[in-house]
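Overview (structure and organization)
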Amino acid sequence: MADQSFLRWPFFDDAHREHAARVDAWAEGAFGLNGFSQHEDVDADCRRILHKLGEAGITRYAVPAAYGGALESLDVRSLCLTRETLARRSGLADFVFAMQGLGSGAISLFGNDDQKRRYLPGVADGSSCAAFALTEPEAGSDVAAIAMTANIDGPDYVLNGEKTFISNGGIADFYVTFVRTGDAEGARGLSAVIVDASSTGLTIAERIDTIAPHPLARLRFENCRISRDQLIGQSGSGFKIAMSTLDVFRSTVGAAALGFARRALEEATRRANNRVLFGSALSELAGVQTQLAEMALDIDASALLIYRAGWAKDNGAPRITREAAMAKLYSTEAAQKAIDNAVQIFGGLGVTKGSVPEALYREVRALRIYEGASEVQKLVIARQHLAESAG
Ligand code: COS
């Protein structure tokens, strides 16, 4: 059992504590200690997990109550608690839940009533699979460089371009897609549109295989025609929609890393207590104690940053760009270090295919890259700091 004392922190209310316990009990029943096993068919496994998360009511936390969700509005602390709890048991379950939130987040935050009615209930009950299509072959960290176009033709937009590294690519039912709509340069010319997976002209150009496999693809849009009703918010507001959505979900990436780190510490502690070396338990060696201490400290520091960001957003902070960037940056870097320590404590077993430390080692790596690489988070924090100190 992972340390649960953080749930007594003042960032949470009783509903959060009950939610965390419910998700934990569900995840224990669904995965036990075997949720990091190899996946023969990730698409099928993701669909199966999505169905189960829907049945359990967990995906309801990814959308607001008026459209089938659990709480009145997106609650960052609940999103983070869900991700950290699922990530401790199964990287794929965390991924599936996360994508329901990120993929539909722009609709929850900026969509009109009709769009919310059409897309969100399916996300909430797990019958519809969501995706967030922002990255392009030439635009990942630099969002303002997006080149994919959406040109008006009568009542439609005609889309042309490519998106890459799109999670749920190939299994999603719809893609919230960021496109260039206007003549305005850079960030001001972008818009967000919803593209149904069945749209003519949208194809999966390539599936991408990564070290911790999940559905990931390059999408091609060739004269793909969608109704202008699919525009989210105002034309030209796509950059701000993307950034505001990421402000909500970046802390949750930190939370997933935190879940992986907690599991690494549990595994490493068990191993250190049970493994005898030079006549005594590994846990009695000063070097190992230092490693465990660093892991425990980093876990608490990550949790403080994550739930500070969530608490601030849920309590009405107008913008938590700095807090969310700090939470993601610190927690993902710290989790990588903690998992590396766990691998070291396990020795050869830690790099053996199929062991939990080995799976965690692969799972955590992408978190330092997606939704803004660590280097971008530093840029974001520094810019906010400089702007605030100038004002
Ligand atoms: N919330 C609301 N508005 C925001 C914002 C946020 N978090 N961040 C920026 N904006 C606004 C700015 O205030 C500015 O508005 P005005 O034009 O009205 O002044 C506008 O958006 C442009 O901002 P900025 O000049 O900072 O844009 P840049 O192109 O320089 O942004 C960064 C650079 C690095 C911050 C941005 O591109 C980024 O976050 N990149 C990472 C993206 C990412 O996570 N990619 C992974 C893909 S998703 S898996």
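Cut-offs applied
Residues numbered from 1 in each chain as written. Predicted model: local features only at pLDDT ≥ 70, side-chain atom pairs only at ≥ 80, totals over all residues. Heavy atoms only, no water. 1 Å grid on protein atoms, 1.4 Å probe; cavity = no way out; pocket = protein on both sides within 12 Å on 5 of 7 lines; lining within 4 Å. Points joined across faces, edges and corners; volume = space filled by probe spheres on them. Helix = DSSP H or I, 4+ residues; strand = E, 2+ residues; numbered from the N terminus. Buried < 20%, exposed > 50% of the residue type's maximum accessible area, 1.4 Å probe, protein only. Contact = heavy atoms within 4.5 Å. Nonpolar A, V, L, I, M, F, W, Y, C, P; charged D, E, K, R; others polar. Core = buried A, V, L, I, M, F, W, Y, C linked by side-chain atoms within 4.5 Å. Pairing = 2+ DSSP bridges. Near = heavy atom within 4 Å. Polar contact = N/O pair within 3.5 Å; in protein donor to acceptor, adjacent residues only side chain to side chain. Areas by Shrake-Rupley, 256 points an atom, 1.4 Å probe, with all protein chains shown as cover. Phe/Tyr/Trp six-rings, centres within 6.5 Å; stacked < 30°, edge-to-face > 60°. Lys NZ or Arg CZ within 6 Å of the ring centre and 35° of its normal. Domains from an automatic or database assignment. Salt bridge = Lys/Arg side-chain N within 4 Å of Asp/Glu carboxyl O.

A look at the layout of surface pockets
For the second largest pocket, the calculated volume is near 220 Å³. Lining the second largest pocket are 16 residues, and of these Ser37, Gln38, His39, Pro213 and Arg362 sit closest to its centre. For the lining of the second largest pocket, the secondary-structure elements that each account for two or more residues are helix H4 (91-110) and helix H9 (356-365).

Observations concerning the environment of Leu102
Relative to the elements of secondary structure, Leu102 occurs in helix H4. Leu102 sits in the buried class, given a relative accessible area of 5%. A C-alpha to C-alpha distance of 6.5 Å links Leu102 and Phe249, two positions 147 residues apart in sequence. Setting aside anything within four residues of it in sequence, one finds Leu102 in contact with Phe132, Thr245, Leu246, Phe249 and Glu371.

Looking at empty space enclosed by the protein
According to the stated counting rule, one finds 2 cavities of 30 Å³ or more in the structure shown. In this structure, the largest cavity encloses a volume near 90 Å³. Lining the largest cavity, in full, are Ala2, Gln4, Phe6, Leu7, Ala20, Asp24, Leu81, Glu84, Thr85, Arg88 and Arg262. Breaking the lining of the largest cavity down by element, the ones donating at least two residues are helix H1 (14-31) and helix H3 (76-89). A per-element tally of the lining of the largest cavity places H3 first, with 4 residues. Taken together, the residues that form the lining of the largest cavity break down as 5 nonpolar, 2 polar and 4 charged. In this structure, the second largest cavity spans a volume of roughly 40 Å³. Taken together, Ala257, Leu258, Ala261, Met295, Asp298, Ile299, Ser302, Ser331, Ala334, Ala335 and Ala338 make up the full set of residues lining the second largest cavity. Counting residues per element, the ones that place at least two in the lining of the second largest cavity are helix H6 (238-274), helix H7 (286-314) and helix H8 (321-346). Taken together, the residues of the lining of the second largest cavity sort by class into 8 nonpolar, 2 polar and 1 charged.

A closer look at the nonpolar core
With 110 residues, the main nonpolar core has Leu159, Phe178 and Tyr307 as its most contacted residues. For this core, the element with the highest residue contribution is H6, accounting for 16 residues. Those residues in contact with Phe178, other than ones at most four positions away along the chain, are Phe132, Ala133, Leu134, Glu136, Ile146, Lys163, Ser191, Ala192, Gly238, Ile241 and Ala242.

Observations regarding the pairing of strand S5 (residues 190-196)
In terms of burial, S5 is largely enclosed, as 6 of its 7 residues are buried. For strand S4 (residues 174-180) and S5, the ladder comprises 7 bridges, and the chain directions are antiparallel. Note that in S5 the partner of Thr177 across the bridge is Val193. As defined by bridge partners, S5 adjoins strand S8 (residues 231-232) across 2 bridges and the pair is classed as antiparallel. Paired with Val193 across the two strands is Leu231, which belongs to S8.

A short note on the site of the ligand
If you check the shell around the ligand, you find 23 residues, and the closest are Ser141, Arg188, Asp247, Arg250 and Arg383. The contact in question runs from an oxygen atom of the ligand to an N or O atom on the backbone of Gly372, over 2.9 Å. Coverage of the ligand by the protein chains reaches 72% of its 1000 Å² of free accessible surface. If you list the elements that add at least two residues to the shell around the ligand, you get H6 and helix H10 (374-390). By residue number, the principal contributor to the shell around the ligand is H6, which donates 7 residues. Residues belonging to the shell around the ligand are distributed by class as follows: 10 nonpolar, 6 polar and 7 charged.

Considerations on H9
Counting buried residues in H9 gives 7 out of 10 residues, a clear majority hidden from the surface. Those residues of H9 not exposed but buried are Val356, Pro357, Glu358, Ala359, Leu360, Arg362 and Val364. On its buried face, H9 sits against H6 and H8.

Here's the deal with the packing of aromatic side chains
All told, the structure shown has 9 aromatic pairs when counted by the stated rule. The interplanar angle of 80 degrees and the centroid separation of 6.0 Å between the aromatic rings of Phe6 and Phe12 together place this pair among those described as edge-to-face. Phe12 shares its class with Phe6; the two are buried. Among the aromatic residues, ring-to-ring pairing joins Phe6, Trp9, Phe11, Phe12 and Tyr307 into one connected group. Note that Arg262 overlies the ring of Phe6, its terminal NZ or CZ placed 4.2 Å from the centroid.

Structural notes on the domain arrangement of the protein
According to the domain assignment, the protein contains domain 1 (5-129), domain 2 (131-236) and domain 3 (239-389). On a C-alpha basis, the centroid separation for the pair domain 2 and domain 3 is 30 Å. Counting residues at the interface gives 13 residues for domain 2, matched by 10 residues for domain 3. There are 0 salt bridges connecting domain 2 and domain 3. Across the domain 2-domain 3 interface, the total number found is 1 residue pair in polar contact (both at pLDDT 80 or more). Split by residue class, the side of domain 2 that touches domain 3 holds 12 nonpolar, 1 polar and no charged.

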